[in-house]
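Each chain is listed here by its residues.
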Amino acid sequence: MYKRGGPGTSKRDGTFVGESDLIIERVRRGAAACSQVKVDLSSLGDEDSLYDAGMNSRASVNFMLMLENEFEVEFPDHMLRRDVFESVASIANAIGTLLGS
């Protein structure tokens, strides 16, 4: 799984923000902006199941399309599986792979 941390930039408060942190935050913002995703991500951890929290397959497809636009990537057929879109961390892992991070 994709974990927070890694190379990145320093925030104003002196804490370190890794590339994975930035991807995770963009995934969270994207889910909040996607009207089809009716899951309150503020109450979920990065590893928590989006499906168990109420996301359905239609919402996951719309979310995937939004993520492709946001990150300028295309999910290949072998990544079009439920487990890839199971959690914020698994989505970030897939995007990191696609971006070469």
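Reference entry: report on the structure contained in this document.

## As for the overall build of the chain
Okay, so step 1: Scanning the chain from N- to C-terminus turns up three helices and two strands.
Okay, so step 2: Secondary structure of the chain in N-to-C order comes out as β-β-α-α-α.
Okay, so step 3: Looking at the chain as a whole, 42% of its 101 residues are labelled buried.
Okay, so step 4: For the chain, long-range pairs separated by at least 24 residues make up 48% of all intrachain contacts whose partners lie at least 6 apart in sequence.

## Some words on the packing of helix α1 (residues 19–33) against helix α2 (residues 57–71)
Okay, so step 1: At a closest axis distance of 10 Å, the pairing of α1 and α2 adopts a crossing angle of 130 degrees. With respect to α2, the axis of α1 lies oblique. The crossing of α1 and α2 is right-handed. Contacts between α1 and α2 pair Ile23, Arg26, Val27, Gly30 and Ala31 from the former with Phe63, Met66, Leu67, Glu70 and Phe71 from the latter.
Okay, so step 2: By residue class, the composition of the contact of α1 with α2 is seven nonpolar, one polar and two charged.

## Some thoughts on the side chain of Ser60
Okay, so step 1: Mapped onto the elements of the fold, Ser60 is located in helix α2.
Okay, so step 2: Ser60 sits in the buried class, given a relative accessible area of 9%.
Okay, so step 3: Setting aside anything within four residues of it in sequence, one finds Ser60 in contact with Tyr51 and Met55.

Cut-offs used in this document
Residues numbered from 1 in each chain as written. Predicted model: local features only at pLDDT ≥ 70, side-chain atom pairs only at ≥ 80, totals over all residues. Heavy atoms only, no water. Helix = DSSP H or I, 4+ residues; strand = E, 2+ residues; numbered from the N terminus. Buried < 20%, exposed > 50% of the residue type's maximum accessible area, 1.4 Å probe, protein only. Contact = heavy atoms within 4.5 Å. Axes fitted to C-alpha atoms, helices over the stretch in contact; angles between N-to-C directions. Parallel < 35°, antiparallel > 145°, perpendicular 65-115°, else oblique. Left-handed = near helix turned anticlockwise from the far one by under 90°. Nonpolar A, V, L, I, M, F, W, Y, C, P; charged D, E, K, R; others polar.

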